[in-house]
Amino acid sequence: MVDDADRVELEALTEFLYVVPVGLLTFAMNGAIRLANPLISQLLMPFVPGCDLTDAYSALAPLMPDLSRRVHEFADWLGVVVDHERCPISQGGKLTVFSVTVHRIHGGLNTAVIEDVTRSAEQERRLFEDRQRFRAIFDNVRDYAIYTADAGGRIDEWNPSLQRFGGWQEADVVGQSLSVFFPPESGSGPSMETLLDTARKTGSVETEGWGRRRDGSQAWTNTVLTVLPDADGQVRGFVGVSRDMTERKRTEDELRRLATTDPLTGAFNRRHGQDCLDAAFPRLGNSGRTPAVIMLDIDHFKSINDRFGHDTGDLALCAAVDTVTAELGDGGAVVRWGGEELLVIVQDTTPEAALELSERLRLAIAAARVAGPDGEVRMTVSIGVALDLGQGAEDAVRRADTALYEAKSGGRNRVVFGPARRVTDRKAG
Amino acid sequence: MHSTVQLLDDHHPEAAALGFDDTAMQDWLEAASAQQIDDAPFGIVAMAPDGIVVAYNKAEAAAARLNPSRVVGQHFFRSVAPCTNNALIAGRFEAGGVLDATIDYVFTLRMLPTPVRLRLLRDPAARRMYLLVERRTAHGG
């Protein structure tokens, strides 16, 4: 006798089993279905037309034809017979994927849980395909390395593009900081930490500089680092794309050299010298620096050409440039300003230092030896010096030119400080 | 509404004799009184065109052991009989057009698989859709 309270509870239980969104059924070893909830009917009837849901093995046959064998081969008293197995069924061009789990709940009774997982299976399939697609890209790009790093910038996976890029093997890179490719000692550009910080803030960062190959050689590398966000928008890691630009860099450098230098002497040509002047001399007001120009002209150059031939003249010119370049070091730019006229541009100096440098250049050229056809040839230079007076480069060059003219007319092989102030009037021995 | 049903009842005193497969079923159901529907020897579920149950007769309530008061006003496919919420049944009703199909099916009333014959009736011109339910024996029914 079922009392009212029991009846209400049973109704609630029945309703619960009616609406539970997975298919549930129990069946005996011979397949006889004991209980099944409505979802079983909803899920299975379209695939087992005419089925009466008395036998679990025939009802589930479209999903799992060997269920009977698997249930009977499962010898334990209780346990998992089938664990969330994916069962795809195609019908009328439409794919449905079921997840099937079968438990032995005691010696003679089994339960099955059936779920329609078509949508999540489709998502998983898309994810898998995406992964395959990216894998194909990672593995097959020729001119790029593509790699990923965790949020701290540690490389988390190796792929063949790294091997082609820099000869890197899995053991060299996995777990290492990205700076393994861009060691701080290469000194080109910002540190990896700075780059990652920028990427964290802006989403991505691009940099170009010297990178390292596995064998220690350097590669001029263009790199784009992009943030990989997680589902909450936090930085989960980075994807890096690096391109070896060494050949292009070499070509560019060579083109730049050809465009900016004089082919005979290797000094900057006059056009690039003009750019150097513009860069060194401030257009307006006082920059806090005092640039200077030193104009050198080889004395009696025509006579060298006439006496020893043009080849020797060329050698003398080259020797003058080499000598000046060696004396200057990083202290200035050497420009072939005219035929046998050189212009040295100094970024920041004082009258004393400019004078001292000019003297050094004069003496060094006087000491240089040029191999002529009949023995060594020697030469001297006249020099005009001018410091910036806030009137720009053109004015300084004009005053240096005036000073040079003075040095020539004053007997050559000497330094004259422009505009009119004679600073030295020494004859070399 | 109720008085209209009474009126129709008077006009069709012979209608209760219709069998499950009768070709005139749609017209009879549209015209039948609440009492006639309740008295039918097979299960009758009448739904509004949106699937909400408007009548759930005595035979069906007894078989499903569901109280009609808990069923009327609910969405049949989603809330009352989720076992019908698939392409075979709900899908056909939702497809629109004229529908009169009889299929073998299995209900899981109180979790016991119960073989049934279903007649699916829908006419865009009618005010209600109908699902008729008749028990059949498990094998060869």
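Definitions and limits used
- Each residue is numbered by its place in its chain's sequence as written, counting from 1.
- Whichever chain is written first is A, and whichever ligand is written first is 1; the rest continue in order.
- Per-residue local features are limited, in this predicted model, to residues with pLDDT of at least 70; the limit for side-chain atom pairs, both in listing and counting, is 80 or more; totals at the level of whole chains, interfaces and linings are taken over all residues.
- Think of it this way: any DSSP run of H or I at least four residues long counts as a helix, any run of E at least two long counts as a strand, and we number them from the N terminus.
- Every C-beta atom is placed from the backbone, and the number of other C-beta atoms within 10 Å of a residue's own sets its class: buried at 20 or more, exposed at 12 or fewer, partly exposed in between.
- Whether two residues are in contact is decided by their C-beta atoms, placed from the backbone, lying within 7 Å.
- Each helix should span, by expectation, one fewer than its residue count multiplied by 1.5 Å.
- Residues were grouped as follows: Ala, Val, Leu, Ile, Met, Phe, Trp, Tyr, Cys and Pro as nonpolar; Asp, Glu, Lys and Arg as charged; and all remaining residues, including Gly, as polar.
- Strand pairing is assigned whenever DSSP detects at least two bridges linking the two strands.
- All axes here are fitted lines through C-alpha atoms, helices being fitted over the stretch that makes contact, and every angle between N-to-C directions spans 0 to 180 degrees.
- Nonpolar cores are built from buried Ala, Val, Leu, Ile, Met, Phe, Trp, Tyr and Cys residues. These are joined into a set through C-beta atoms within 7 Å.
- Per residue, pLDDT captures the predictor's confidence, and it can take any value from 0 to 100.
- Comment on the angle field: the value is read as roughly parallel under 35 degrees, roughly antiparallel over 145, roughly perpendicular from 65 to 115, and oblique elsewhere.
- Crossings are sorted by hand: turned counterclockwise from the far helix by less than a right angle, the near helix makes the crossing left-handed, and turned clockwise it makes it right-handed.

Peer 1: What is the right way to look at the overall build of chain B in this model?
Peer 2: Within chain B one finds seven helices and five strands. What you see in chain B, going N to C, is helices and strands ordered as α-α-α-β-β-α-α-α-α-β-β-β. Residue burial in chain B is summarised as follows: out of 141 residues, 34% are buried. Restricting the contact set of chain B to residue pairs at least 6 apart, pairs at least 24 apart contribute 39%.

Peer 1: What am I meant to see in the overall build of chain A here?
Peer 2: Check the secondary structure of chain A and you find 14 helices and 16 strands. Of all intrachain contacts in chain A linking residues separated by at least 6 positions in sequence, the fraction that spans at least 24 positions is 49%.

Peer 1: Whenever I open this one, helix 5 (residues 118–140) of chain A confuses me. Can you help?
Peer 2: Residue pairs three or four apart in sequence face the same way in an α-helix, which turns once every 3.6 residues. The end-to-end C-alpha distance of helix 5 of chain A is 32 Å, a good match for the 33 Å that 23 residues give at a rise of 1.5 Å each. Among the 23 residues that make up helix 5 of chain A, one are buried, leaving the element largely open to the surroundings.

Peer 1: Teacher, can you tell me more about the interface of chain A and chain B here?
Peer 2: Bring the parts together and some accessible area is lost; that lost area is often taken as the interface size. In this complex, chain A contributes 20 residues to the contact, which on the side of chain B involves 18 residues. Of all the secondary structure elements, the ones that give two or more residues to the side of chain A that touches chain B are helix 1 (4–19), strand 2 (33–36) and helix 2 (38–44) of chain A. No other element matches helix 2 of chain A, which puts five residues into the side of chain A that touches chain B. Across the side of chain A that touches chain B, the residue classes break down as 13 nonpolar, six polar and one charged.

Peer 1: Would you take a moment to explain the sheet that holds strand 15 (residues 381–387) of chain A for this structure?
Peer 2: Pairing between sheet strands relies on hydrogen bonds along the backbone, with the strands arranged either parallel or antiparallel. Residues and elements named next belong to chain A. Spatially, 11-12-10-15-16 is the arrangement adopted by the five strands of the open sheet, whose pairing is mixed. Each edge of the open sheet carries a strand with a single partner, namely strand 11 (333–336) and strand 16 (415–417). The mean angle between the axes of side-by-side strands here comes to 20°, regardless of whether they run parallel or antiparallel. The sheet contact formed by strand 10 (residues 292–298) and strand 15 spans seven bridges and is antiparallel. Within strand 15, the residue paired with L296 across the bridge is I383. Strands in contact with helix 12 (residues 310–328) are strand 10, strand 11, strand 12 (341–346) and strand 15; relative to strand 12, the strand with the most contacts, it is inclined by about 10°. Packing of helix 14 (residues 393–409) onto the sheet brings it into contact with strand 10, strand 15 and strand 16, and relative to strand 15 it is tilted by some 145°.

Peer 1: When you look at the nonpolar core in this model, what are you seeing that I'm missing?
Peer 2: Soluble globular proteins: nonpolar side chains tend toward being buried together. Counting residues in hydrophobic clusters, the biggest one holds 58 residues, and the most contacted among them are V100 of chain A together with V45 and Y130 of chain B. Per-element accounting of this core gives the leading share, five residues, to strand 5 (residues 129–135) of chain B. Those residues in contact with Y130 of chain B that lie beyond four places of it in its chain are L29, I44, V45, A46 and L121 of chain B. A292, L343, L357 and V381 of chain A belong to the second-largest nonpolar core, a separate cluster that totals 49 residues.

Peer 1: Just checking my understanding: could you explain the confidence of the model for chain A for this structure?
Peer 2: Should pLDDT be low for a region, the predicted coordinates there are not to be read in detail. Of the residues in chain A, 94% have a pLDDT of 70 or more, and the chain-wide mean is 89. Here residues 420–429 of chain A is a poorly scored stretch, pLDDT under 50, and it has 17 contacts once near neighbours within four places are set aside; other chains count.

Peer 1: What am I meant to see in the sheet that holds strand 1 (residues 23–28) of chain A here?
Peer 2: Residue and element names in this part refer to chain A. Read across the open sheet, the five strands follow the order 2-1-5-4-3; overall the sheet is antiparallel. On the outer flanks of this sheet lie strand 2 and strand 3 (79–91), each paired with one strand and no other. The mean inter-strand angle of the sheet, taken between neighbouring strand axes irrespective of direction, is 20°. Two strands pair when backbone bridges link them, and strand 3 and strand 4 (residues 94–106) are joined in this way by 10 bridges, in the antiparallel orientation. Across the sheet, V82 pairs through a bridge with V102, a residue of strand 4. Sitting on the sheet, helix 5 is in contact with strand 3, strand 4 and strand 5 (109–116), with an inclination near 115° to strand 4.

Peer 1: Got a minute to help me understand unusual backbone geometry in this structure?
Peer 2: Keep in mind that most residues, glycine aside, have a negative phi and that most peptide bonds are trans. All names here are of chain A. Phi at H84 is positive, roughly 45°, even though this residue is not glycine. Relative to the assigned elements, H84 resides in strand 3. On the basis of neighbour count, H84 is assigned to the exposed category, with 11 C-beta atoms found within 10 Å. In this structure, H300 takes a positive phi of about 50° despite not being glycine. Looking at the secondary structure, you find H300 in the loop between strand 10 and helix 11 (301–308). Its 13 C-beta neighbours within 10 Å are what place H300 among the partly exposed residues.

Peer 1: Explanation requested: the environment of L389 of chain A in the structure shown.
Peer 2: Residues and elements named next belong to chain A. Tracing the backbone through its elements, the reader meets L389 in the loop between strand 15 and helix 14. L389 gets classed as exposed once you count the C-beta atoms within 10 Å, which come to 12. Once the C-alpha coordinates of L389 and P291 are considered, the two residues, 98 residues apart in sequence, prove to be 9.2 Å apart.

Peer 1: How do you make sense of the confidence of the model for chain B when you look at a structure like this?
Peer 2: Residue and element names in this part refer to chain B. Residues at a pLDDT of 70 or more form 84% of chain B, whose mean pLDDT is 84. Low pLDDT, under 50, characterises residues 1–15; the stretch is placed with 13 contacts to residues that sit more than four places away or in other chains. Scored as a complex, the prediction yields pTM 0.55 and ipTM 0.76.

Peer 1: Sorry if this is basic, but what is going on with the packing of helix 12 of chain A against helix 13 (residues 351–367) of chain A here?
Peer 2: When two helices pack together, their arrangement is given by the angle between the helix axes and by the axis-to-axis distance. Residue and element names in this part refer to chain A. Across the interface, helix 12 lies against helix 13 with an axial gap of 9 Å and an inter-helix angle of 135°. The orientation of helix 12 with respect to helix 13, classified from their angle, is oblique. Taken as a pair, helix 12 and helix 13 cross one another with a handedness that is right-handed. The residues of helix 13 that touch helix 12, namely those facing A320, T323, V324 and E327, are R360, L361, A364 and I365.

Peer 1: Honestly, helix 1 of chain A in this entry has me stumped. Any pointers?
Peer 2: Over its 16 residues, helix 1 of chain A runs 23 Å from end to end, which matches the ideal 22 Å to within 8%, given 1.5 Å per residue. Little of helix 1 of chain A is tucked away, with one of its 16 residues classed as buried.

Peer 1: Explain the environment of A292 of chain A to me, please; I cannot follow it from the model alone.
Peer 2: Residue and element names in this part refer to chain A. Note on placement: A292 falls in strand 10. For A292, a count of 27 C-beta atoms within 10 Å translates into the label buried. With 11 residues separating them along the chain, A292 and F281 place their C-alpha atoms 8.5 Å apart. With sequence-adjacent residues up to four places away left out, A292 is seen in contact with V346, T349, A354, V385, A386, L387 and D388.

Peer 1: How should the packing of helix 11 of chain A against helix 12 of chain A be read in this particular structure?
Peer 2: All names here are of chain A. Taken N-terminus to C-terminus, the directions of helix 11 and helix 12 make an angle of 140°; their axes are 6 Å apart at the nearest point. Taken together, the axes of helix 11 and helix 12 lie oblique to each other. The segment helix 11 lies against helix 12, with F301, I304, N305 and F308 engaging H310, T312, G313 and A316. Here the residues of the contact of helix 11 with helix 12 are counted per class, giving four nonpolar, four polar and no charged.

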